[in-house]
Amino acid sequence: MKWSYSIAKIAGIDVRVHATFLLLLAWYGYSGYQAGGAAEATLSVFFILLLFLCVLLHEFGHAFAARAYGIRTPDITLLPIGGVARLERMPESPVQELVIAIAGPMVNVVIAAGLWLALGMPALFGRHFPFGNETRQLAFSLLQVNGMLVAFNLIPALPMDGGRVLRALLAMRMAHAAASRVAARISQGIAVGLALIGLFGIPDEVRSIPVLGTISLLFNSGSNPFLLFIAMFVFMGAQQEAAFAGMRTAVAGMRVADAMVTRFQTFLADMPLAQAMREAQDDLQPVYAVTDAHLRTVGMVLRNELLQAHPEATPTVGELARAVPTVRTDATFEEAFRLMQQSGSPVLPAVNPGGQVIGLVSLNLIQERMRKPR
Ligand SMILES: [Zn+2]
């Protein structure tokens, strides 16, 4: 993610913070300072740091559950709106998706329960918590926000964890793409509901119903711009999830061979650079595969780099080529994507089982192919 910085590596997972997260800290420090001087500012910032520690632990909950199914998590990024654990691939079965989705909120349940026990099991909804000292007050606030994190994440709407649980439950009865569509529609319905609450608040008649009344304590009366923002986030996120799921099904059976170009120019590694430069002059191919005499890849070279190279420094094309991984023509798009990400090369040589280059595949070609599936 752009504008994010690595702060630690825990259990092989890169922990990153987004630059805007620091703005959030600064804002809390500033408003704390306005309210009660340096002591209050320190306390505000400390509280936000503790809150985000809870968010981080939540994301580690997802990551460790995914690891149990052999799915790696390269990084976790902390944003002002929460955390994002980037899983290397999607879970295969609904049960896996369900366990991974529920593992995050469960971490917050455990934290909240631990704090509740440590505080001597106080009443949660009354306003008469006997605050002993600042530490107890802080612990109680932390207990409350962990409760809110659970409630918020378990809203049964994509892209929230609750929405993933819903989709996993649906996917136990129907195909994954259909489950995604249904879950996305339900999510958008919920988003509209949230938007209405955000605009008009919760009417007093609803507040007087016992269970709903308790839930409605989470929302203030009257309009709530924050809720409107969440509703918009849910609505668009759900749309994206549905589109992504549809695309995944459409490309499920597709292989690199479906998206590669097979008419392309290659250079032999021992070809004199000057000759390759002359040939590239008349040819507009943006990137060339460089091979040995048996058509096995030595690397790739960009046309731009080739035209600007100096034959005195690198007498042959092979010396200019950079090594890249090859991808099998029967590999899935997902595998090709992963190789491109790992190598940082948007174009890869596609090889037959004998290791000979028979095509070139690029990110653009794959994306184009995904937009117009068979
Ligand atoms: Zn989560």
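Residues numbered from 1 in each chain as written. Predicted model: local features only at pLDDT ≥ 70, side-chain atom pairs only at ≥ 80, totals over all residues.

(A) Just the environment of V261, in detail. Its place among the elements puts V261 in the loop between helix 8 (225–251) and strand 5 (266–268). Distance from V261 to S362, taken between C-alpha atoms, is 8.9 Å for residues 101 residues apart in sequence. Here V261 is in contact with G359, L360 and L365, once residues within four sequence places are set aside. (Helix = DSSP H or I, 4+ residues; strand = E, 2+ residues; numbered from the N terminus. Contact = placed C-beta atoms within 7 Å.)

(B) Representation of the sheet that holds strand 7 (residues 297–302) in the model. If you walk across this open sheet you meet the 3 strands as 5-6-7, and the pairing is mixed. Either end of the sheet is taken by a strand with one partner, and the two such strands are strand 5 and strand 7. The average angle at which neighbouring strand axes cross in this sheet is 30 degrees, direction not considered. Pairing between strand 6 (residues 287–291) and strand 7: 5 bridges, direction antiparallel. Across the sheet, V287 pairs through a bridge with L302, a residue of strand 7. (Pairing = 2+ DSSP bridges. Axes fitted to C-alpha atoms, helices over the stretch in contact; angles between N-to-C directions.)

(C) The arrangement of the nonpolar core in detail. Among the nonpolar cores identified, the biggest contains 40 residues, and A157, A191, V234 and A238 are the most heavily contacted of them. Elements represented by at least two residues in this core include exactly helix 1 (19–68), helix 2 (94–118), helix 3 (134–153), helix 4 (161–171), helix 5 (176–200) and helix 8. It is helix 2 that contributes the most residues to this core, 9 residues altogether. Viewed by domain, this core spans two of them, domain 1 (1–153) and domain 2 (155–252), each represented by three or more residues. Setting aside residues no more than four positions away along its own chain, A238 makes contact with A157, L158, P159, A184, S187, Q188 and A191. Within the second largest apolar cluster, 32 residues are counted, among which are V287, M300, A336 and V357. (Core = buried A, V, L, I, M, F, W, Y, C linked by C-beta atoms within 7 Å. Buried ≥ 20, exposed ≤ 12 C-beta atoms within 10 Å, placed from the backbone. Domains from an automatic or database assignment.)

(D) Main features of the environment of I7. Residue position: I7 is located in strand 1 (residues 4–10). Taking the C-alpha atoms as reference points, I7 and M160, 153 residues apart in sequence, are found 25 Å from one another. With sequence-adjacent residues up to four places away left out, I7 is seen in contact with V15, R16 and V17.

By themselves, these figures tell us nothing about what the structure is for.
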